[in-house]
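Chain and residue survey
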Amino acid sequence: MNKILKRLILALCLATGLNALAAEPDLQQRPHDPEGDVPLYDSTRPEKWIEFQPHVSVGLSTIVQDYGSKIPGLSDFMLSPGCRMNLGLDIRFCIRNSFALATGLEFNINNFRYSMSIVDTSSGSISSIYTRNHYYSLTVPVYLSWRLNIGRRMMWNVDAGLYFAQGTGGTMKASGYISGNNSLGQPIVEHANYQTDYYVSSQAMINGVKKFDFGPRIATGFVYRHRYTLNAVFQIGARNLAINQGVMDLNYRNLSLDFQIGYIF
């Protein structure tokens with residue numbers, strides 16, 4: 001009985017010591033000890049229940065569309081992702097040292113371009129369109145976050161959840177060229193510049209764009225010294241944002257990839 005009691009007391013002391021060691025804020029500053037490595041998944045209760053993580057990011061934004069199969073006479077369609085910038089604040093509610101529920105607020109600046117040619121066989125004309133899309137949005141992510149210890153100073157971060165976005169403004173600028181023949185059979189080229197609102201425009205070039213969007217959000221990256229973060233964040237829209245005009249039933253969804261740096265308070 002005494003041996004069992006001693007073993008129980010030893011096990012309790014060991015568990016208490018490991019818990020205190022895992023909860024120490026300066027753990028990452030200690031020298032590496034092969035026999036005292038932190039567990040890959042730390043299920044102990046955190047010392048801090050709420051973390052604030054301001055961040056900035058730069059990346060790419062574009063759309064997923066089906067113009068090629070839906071627009072009659074379309075040829076030479078080219079879509080070019082543009083620069084995307086992001087400023088935001090994430091709030092993590094830490095349930096365990098390696099697990100949290102998180103949300104936040106982000107302001108996004110998005111860009112992308114596309115060009116296309118449309119051949120009208122009945123008139124023999126070719127229309128070429130070049131567009132530049134520049135637009136803003138506010139995003140609220142809601143996600144689960146895991147942090148796995150891969151060293152005493154480094155953690156691997158994995159996030160999975162949803163994002164909800166609301167468009168706040170932007171413009172679509174276009175240049176158009178129409179080449180054909182006049183009544184005398186002479187070749188002519190007409191040129192025009194065009195600009196309209198990016199969101200909910202009744203004068204959109206191909207289709208209007210709805211303001212509200214949502215979809216899956218996944219991210220992965222690293223946390224260094226429990227303070228500095230580096231993440232890659234991928235989002236794809238689940239909602240068809242196209243406001244169709246006429247008989248065309250187009251599909252239009254957001255797609256983005258951000259490279260994010262932040263700091264944990």
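1. Some remarks on the overall build of the chain
- A tally of helices and strands in the chain yields two helices and eleven strands.
- Ordered by position from N to C terminus, the α and β elements of the chain give α-β-α-β-β-β-β-β-β-β-β-β-β.
- With 265 residues in all, the chain has 36% of them scored as buried.
- For the chain, contacts bridging at least 24 residues in sequence account for 69% of all contacts bridging at least 6.
- Carbon and sulfur atoms make up 64% of the accessible area of the chain, which totals about 15000 Å².

2. Some words on the environment of Met155
- By secondary structure assignment, the location of Met155 is in strand β5 (residues 154–181).
- When the C-alpha positions of Met155 and Gly221 are compared, they lie 8.5 Å apart, and in sequence the two are 66 residues distant.
- Residues contacting Met155, with those up to four places away along its chain left out, are Arg147, Leu148, Asn149, Ile150, Gly221, Phe222, Val223 and His226.

3. Some thoughts on the confidence of the model for the chain
- Here the chain shows a mean pLDDT of 87. Residues at 70 or above account for 86%.
- Long-range and interchain partners of residues 8–35, a stretch whose pLDDT sits below 50, account for 23 contacts in this model, where long-range means more than four residues apart.

4. Observations regarding the pairing of β5
- Here 24 bridges tie strand β4 (residues 125–149) to β5, and the two strands are oriented antiparallel to one another. Paired with His134 across the two strands is Thr171, which belongs to β5.
- Between the antiparallel neighbours β4 and β5 lie four residues.
- Examined bridge by bridge, β5 and strand β8 (residues 212–224) share 13 bridges and lie antiparallel to one another. In the sheet register, Val158 faces β8, and the bridge partner there is Thr220.
- In this structure, β5 lies alongside strand β6 (residues 187–197), joined through eleven bridges in antiparallel fashion. Bridge pairing in β6 links Met172 to Thr196.
- What sits between β5 and β6 in their antiparallel hairpin is a turn of five residues, with Gly185 showing a positive phi close to 80°.

5. What to know about the nonpolar core
- In this structure, Tyr67, Ile71, Phe112, Met116, Tyr198, Ile206 and Tyr252 are the most contacted members of the largest nonpolar core, which totals 17 residues.
- Among the elements of the structure, β3 (99–120) and β4 are those that each provide at least two residues to this core.
- If one sorts the elements of this core by residue count, β3 sits on top with three residues.
- In this structure Tyr67 touches Leu74, Phe77, Tyr114, Met116, Ile206, Asn207, Leu250 and Tyr252, once residues within four positions along its chain are discounted.

6. Considerations on the pairing of β8
- By the bridge criterion, eight bridges tie β8 to strand β9 (residues 228–236) in an arrangement that is antiparallel. For Ile218, the partnering residue across the bridge sits in β9 and is Phe234.
- Counted between consecutive antiparallel strands, the loop separating β8 from β9 contains three residues, among which Arg225 sits at a positive phi close to 55°.

7. Concerning the pattern of salt bridges
- Across all of its chains, the model carries four salt bridges by this definition.
- In this structure, Glu51 and Arg147 form a salt bridge, with 3.0 Å as the shortest nitrogen-oxygen distance. One end of the pair, Glu51, is in strand β1 (residues 50–65); the other, Arg147, is in strand β4, and 96 residues separate them in sequence.
- Residue class for Arg147 comes out buried when judged on its relative accessible area of 4%.
- Through salt bridges with shared partners, a single network forms among Glu51, Arg92 and Arg147.

About the thresholds
Residues numbered from 1 in each chain as written. Predicted model: local features only at pLDDT ≥ 70, side-chain atom pairs only at ≥ 80, totals over all residues. Heavy atoms only, no water. Helix = DSSP H or I, 4+ residues; strand = E, 2+ residues; numbered from the N terminus. Buried < 20%, exposed > 50% of the residue type's maximum accessible area, 1.4 Å probe, protein only. Contact = heavy atoms within 4.5 Å. Areas by Shrake-Rupley, 256 points an atom, 1.4 Å probe, with all protein chains shown as cover. pLDDT = per-residue confidence, 0-100. Pairing = 2+ DSSP bridges. Core = buried A, V, L, I, M, F, W, Y, C linked by side-chain atoms within 4.5 Å. Salt bridge = Lys/Arg side-chain N within 4 Å of Asp/Glu carboxyl O.

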